Amino acid sequence: MLKAVFALFALFLTLSLYASSDAQVLSQAQKHLHSANKGDIFRAYNDYKTLYLKAMMNQDEPLREKALGGIVASGKKLHIDVAAYENELRMLQNRKNYLKQEQKYVKPTPKPNKPSKQAKKIKLNSATKLKSIYWRGGKLVLRFSKRLRKHQVNYFKLYDAKTNRYKYVFDIDASLLSRSQNLVKPGIESIRIAQFKPNKIRLVFKNDSVVKIRFKIAGNEIVINATPTKKVKKRIKPKTKQPPATVPVSKYKRITQKTIVIDPGHGGKDPGAIGYGRYKEKDVVLAISKYVRDYLKMRGYKVYMTRANNRFIKLRHRTRYANKKKADLFVSIHANASKHKKAKGIETYFLSPSRSSRAKRVAAMENKADIDDMNYYAKQSFLMFMNNHKIVASNKLAIDLQQGVLHELRKHYKGVVDGGVREGPFWVLVGAQMPAVLIEVGFITNKEEAKRLVNKTYQKRFAKGIAEGIERYFIKNR
Ligand SMILES: [Zn+2]
């Protein structure tokens, strides 16, 4: 149960982002940047990061560029590693230059007084921006800044006989907000989205067998359902040494040095949700977490737990612990609750900044009790998290976890509900400097799920699924 978490996040946004105008903050940061005082430079660094977050949320590219420039300049003075921001800035500038050149190139035959239709079209189209891309119930969702018209989307299929690959291509008249991305769906070799032309985004599904693609354009979204058909296994005679079909032990060995922090939600004075049969969330998630730890340790991972007993821990101390342990992954384990006793399903969340409307809605549920918990450093860490590649990595991890759990449980149980992979502003994930996800293991308020959740065998199988998902993630993302 994370309502309080939502509220905190909303408050934090309101407090930190709307306090003063961008221009004011910028000019102040500029002053501080050139100060001789280290404290001032640090202040500038923090201000630039706040601006960066705001720019990301408002899709404000000019502000983003200024903020990135400031982060890099101040960060270097403070000997902070800002390589990721520097890269992002470079890409942003490269794209801008590219767009400029392209416009020049298009120009040669302009009519002196009327802007050409072509130029007008580019201008119009580039106003549509891709705001976010994520998986929802197994479907890929692309959300744009405005209503998308049918003629803006061109879908076609290709078959490359040379490489024996099927390609499914979406060309969309719009611009990509940030860098190109690779997405992951089991059964599909690669899914890539990139800015193909100044006013065109290209999304390509590539696979060695046929993929059934269905999509619909609804409002400002395209929802794509891509289902890989089963591969026809060809008998290929092994030439020399063929790798065995199952994952060899050596593969595990190469990834054993990874460190994982498991975070059982709540604890101590905070029971979390109390559900059917008065079962408490804090007990259920601790039991599952311990099994996850055991499974991962058996496979040679280094595992730490934020709590291994019935202890209360503040939210921000949980990710701080993971940062201290230099963890490669952070997995927070919770159980869901609902007034509707029928609500059920397993959900995995990853942190994303692109939920401002949701955050606003949640702001209504004011919660002032924990406001001291939002200190400056927590905010800082939050901004650290806003790196795009970390969001993508967390999204991938969430998908693998969800799949791992569903796959394992469905071997043994009927009626396992896939609640999907979702994004949200979770305070407990804020501050993690590594890919971080939160899994809701089911609804403790649902009779059937609650009964399963307190059952040791179910807990073990659930834990095994989480461990499988983690392993799958590491194998794919080495
Ligand atoms: Zn919870």
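Just so you know, these numbers come straight off a predicted model, no measurement behind them.

Definitions and cut-offs
Residues numbered from 1 in each chain as written. Predicted model: local features only at pLDDT ≥ 70, side-chain atom pairs only at ≥ 80, totals over all residues. Heavy atoms only, no water. Pairing = 2+ DSSP bridges. Helix = DSSP H or I, 4+ residues; strand = E, 2+ residues; numbered from the N terminus. Buried < 20%, exposed > 50% of the residue type's maximum accessible area, 1.4 Å probe, protein only. Contact = heavy atoms within 4.5 Å. Axes fitted to C-alpha atoms, helices over the stretch in contact; angles between N-to-C directions. Parallel < 35°, antiparallel > 145°, perpendicular 65-115°, else oblique. Left-handed = near helix turned anticlockwise from the far one by under 90°. Nonpolar A, V, L, I, M, F, W, Y, C, P; charged D, E, K, R; others polar.

Novice: I would appreciate a short explanation of the sheet that holds strand E10 (residues 221–228) in the present structure.
Specialist: What links the strands of a sheet is backbone hydrogen bonding, and the strands pair in either a parallel or an antiparallel sense. Pairing within the open sheet is mixed, and its five strands lie in the order E5-E1-E2-E10-E9. Taken across any chain shown, the strands that pair with only one partner, and hence form the sheet edges, are strand E5 (175–176) and strand E9 (211–218). In the sheet, strand E1 (residues 129–136) pairs with E5 via two bridges, with the strands oriented parallel. Along E5, the bridge assignment pairs Leu130 with Leu176.

Novice: When you look at unusual backbone geometry in this model, what are you seeing that I'm missing?
Specialist: Backbone phi values are negative for most residues with the exception of glycine, while trans is the configuration of most peptide bonds. For His266, which is not glycine, the phi torsion reads 60 degrees and is therefore positive. You can see His266 is positioned in the loop between strand E11 (259–264) and helix H8 (281–298). For Arg278, which is not glycine, the phi torsion reads 60 degrees and is therefore positive. For Arg278, a relative accessible area of 64% puts it in the exposed group.

Novice: Explanation requested: the environment of Ile201 in the structure shown.
Specialist: Residue placement: Ile201 occurs in strand E8 (residues 200–207). If sequence neighbours within four positions are ignored, Ile201 has contacts with Leu130, Phe144, Phe170, Asp171, Ile172, Ala174, Ser175, Leu176, Ile193, Ala194, Gln195 and Phe196.

Novice: When you look at the packing of H8 against helix H14 (residues 456–476) in this model, what are you seeing that I'm missing?
Specialist: Packed helix pairs are specified by the crossing angle of their axes together with the interaxial distance, meaning the distance between the axes. The N-to-C vectors of H8 and H14 enclose an angle of 50 degrees; their axes lie 8 Å apart at closest approach. With respect to H14, the element H8 is oriented oblique. Of the two elements, H8 crosses H14, and the hand of that crossing is right-handed. Judged by residue contacts, Val284, Ala287, Ile288, Tyr291, Val292, Tyr295 and Leu296 of H8 engage Lys456, Gln459, Lys460, Phe462, Ala463, Lys464, Ile466, Ala467 and Ile470 from H14. For the contact of H8 with H14, the residue count by class is twelve nonpolar, one polar and three charged.

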